[in-house]
Amino acid sequence: MISPLPDGFTFLRRSGFHFSLLIVVLISLSGCAGRLNKAVDHYHSGHPQKALQVLNRGDQPGKRNQLLFFLEKGVILHQMGEYQQSTAQLRQAARLIDSFEVVSLSEQAGSLVTSEWLTRYKGEYSERLWVHSYLMMNYLLLGQYDGALVEAKQALERLDRYPEALTDDYFTRALIALCFANLAEDNDAYLVYRKLADDLPGPAPVAAEIVWHAGRLGMVDEVEKYRSFLPRRLPEGESELVLFVANGQIPVKRSGNVFFPPSIRFAFPYYSAGGTPRPGIKILPRRWSSLPLLSTALGDVARDALAARKARIIVKETVRVATKEVIAQSVGNKNDAAAEALVRVALFLLEEPDTRSWRTLPGRLTLVRIPLPAGRHELQVELTYSGLARRKIIDLPEIQLRQGQRVFHAIRF
């Protein structure tokens, strides 16, 4: 849950800490945090319109949770098919993330004696990437391919900045390559697909793309190398339907603690265990099931991203705990046991890890590419979970394809 904390609260005063007042404020002010939680609950209950109404109600969000408002609204609007409005929200999120490169020293200093909840939420490395993933999808769905290419290039920069954290996001990396391919940027598309082939368990899901782009670039050896990995049976056609399939819910970020006497508490965030299984996907009525899929379990990538900044978390947490212990001991040195006890209780309660996260994200994103002949198509998508008695059939809108045309469609299970 989002823990409330006042924006801009002054923690240091010449006369000392006003802990009692601080605790009252912490308990009494829920504000933006409550709206976020309520909106997310509506969304996961299958009521995206209600979720959007909650987020739009009341005052503008404070700076601490402003990014989360943009992120949550962006996904909710995407789910509702309002891709233009979703893009507007996510563009604001992207600009805000760029502004976070400038560190607020006063904000960071305040969090050293209180909690990470004092600071603005800046997004995990994975969330900063997924802003561009959703923007790429939105632009492709809107037919704005130049905009999608801009986002693809920015997503590549994020991947290069945090490679150890984001390598397993195969969906986003395939989406980047697709944005290049969509505008005949063959060399860039080939490079992304070639790197994907190295990082995937096997190159089969991208072999056809490597063969295609390597052939256009005159790379005969690459064509021969990857031709053997091509699936034996694929639907035929020079046009294509591309599906963005979202299913499940991303794991929740939770609070972990380590305690040492008399009142030392090390607190750290972690993502809950578990994940969203990869769905089985068939295209009806032709029952194509051997489609090459590129899928990402967002929970796994989120855990990797959090682990990538683990060292920074430990360093800052150690400094914060040491600072609080010095404060408590300085009060005790004045022979005021009651005051020291009050200070220790207040500091103990304030030691709360930042468990904010982008909670409307799905548990898994899968990219499906379906070659089709030109003409009119009425198709259904059958989604199943292996080993589970869950099956859903989704009717796609009628598709009219010209020769060589590529169309995009998003579904959520």
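These numbers come from a predicted model, not from an experiment.

Visitor: Talk me through helix α3 (residues 48–56); I want residue IDs and the actual numbers.
Guide: Of the positions making up α3, those classed as buried are Ala 51, Leu 52, Val 54 and Leu 55. Around the axis of α3, the buried residues are gathered within 160 degrees of arc, so they sit on the same side. Just past α3, the residue Gly 58 takes up positive phi, approximately 85 degrees.

Visitor: Account for the side chain of Asp 186, with residues named and values stated.
Guide: Within the element layout of this structure, Asp 186 appears in helix α11 (residues 186–199). With residues up to four places along the chain from it excluded, the contact list for Asp 186 reads His 213, Arg 216 and Leu 217.

Visitor: Give me the sheet that holds strand β4 (residues 279–284): which residues, what numbers.
Guide: In spatial order, the strands read β4-β8-β9; together these three strands make up an open sheet with antiparallel pairing. Taken across any chain shown, the strands that pair with only one partner, and hence form the sheet edges, are β4 and β9 (391–395). With direction set aside, neighbouring strand axes in the sheet form an average angle of 20 degrees. Examined bridge by bridge, β4 and strand β8 (residues 380–385) share six bridges and lie antiparallel to one another. By the bridge assignment, Ile 283 is partnered in β8 with Val 381.

Visitor: Let's hear about the sheet that holds strand β5 (residues 293–297): which residues, and what values?
Guide: Hydrogen bonds between backbone groups are what pair the strands of a sheet, and the pairing can be parallel or antiparallel. An order of β5-β6-β1-β11 is seen for the four strands of this open sheet, with the pairing classed as mixed. Both edges of this open sheet fall to β5 and β11 (406–412), since each of them pairs with a single strand only. Averaged over all neighbouring strand pairs, the angle between strand axes comes to 15 degrees, with direction disregarded. Looking at chain direction, strand β1 (residues 239–247) and β11 are connected through seven bridges and run parallel. Along β11, the bridge assignment pairs Val 242 with Phe 408. Packing of helix α7 (residues 125–142) onto the sheet brings it into contact with β1, β6 (364–372) and β11, and relative to β11 it is tilted by some 125 degrees.

Visitor: How would you explain the nonpolar core if you had to name every residue and give the values?
Guide: Formed by 82 residues in total, the largest nonpolar core has its most connected members in Trp 130, Phe 244 and Trp 358. When residues in this core are grouped by element, the largest group, eleven residues, is from α7. What Phe 244 contacts, discounting residues up to four positions off in sequence, is Met 137, Leu 140, Leu 141, Phe 171, Leu 175, Thr 366, Leu 367, Phe 408, His 409, Ala 410 and Ile 411. With 21 residues, the next largest nonpolar core counts Leu 241, Leu 243, Val 368 and Ile 394 among its residues.

Visitor: Give a detailed account of the packing of aromatic side chains, specifying residues and quantitative values.
Guide: Two numbers describe a pair of aromatic rings. These are the distance of the centres and the angle of the planes. Applying the stated criterion to the full structure yields six aromatic pairs. Taking 6.1 Å as the distance between ring centres and 45 degrees as the angle between the ring planes, the aromatic pair formed by Tyr 134 and Trp 358 counts as tilted. Of the two residues, Tyr 134 sits in helix α7 while Trp 358 sits in the loop between α16 (337–350) and β6, which places them 224 residues apart along the sequence. Among the residues examined, Trp 358 registers a relative accessible area of 0% and is labelled buried. Aromatic ring contacts, followed pair by pair, group Tyr 145, Phe 171, Phe 244 and Phe 408 into a single cluster. Between the NZ or CZ atom of Lys 122 and the centre of the ring of Phe 100, over which it lies, the distance is 5.6 Å.

Thresholds applied
- Residues numbered from 1 in each chain as written.
- Predicted model: local features only at pLDDT ≥ 70, side-chain atom pairs only at ≥ 80, totals over all residues.
- Heavy atoms only, no water.
- Buried < 20%, exposed > 50% of the residue type's maximum accessible area, 1.4 Å probe, protein only.
- Helix = DSSP H or I, 4+ residues; strand = E, 2+ residues; numbered from the N terminus.
- Arc of directions from axis to C-beta.
- Contact = heavy atoms within 4.5 Å.
- Pairing = 2+ DSSP bridges.
- Axes fitted to C-alpha atoms, helices over the stretch in contact; angles between N-to-C directions.
- Core = buried A, V, L, I, M, F, W, Y, C linked by side-chain atoms within 4.5 Å.
- Phe/Tyr/Trp six-rings, centres within 6.5 Å; stacked < 30°, edge-to-face > 60°.
- Lys NZ or Arg CZ within 6 Å of the ring centre and 35° of its normal.

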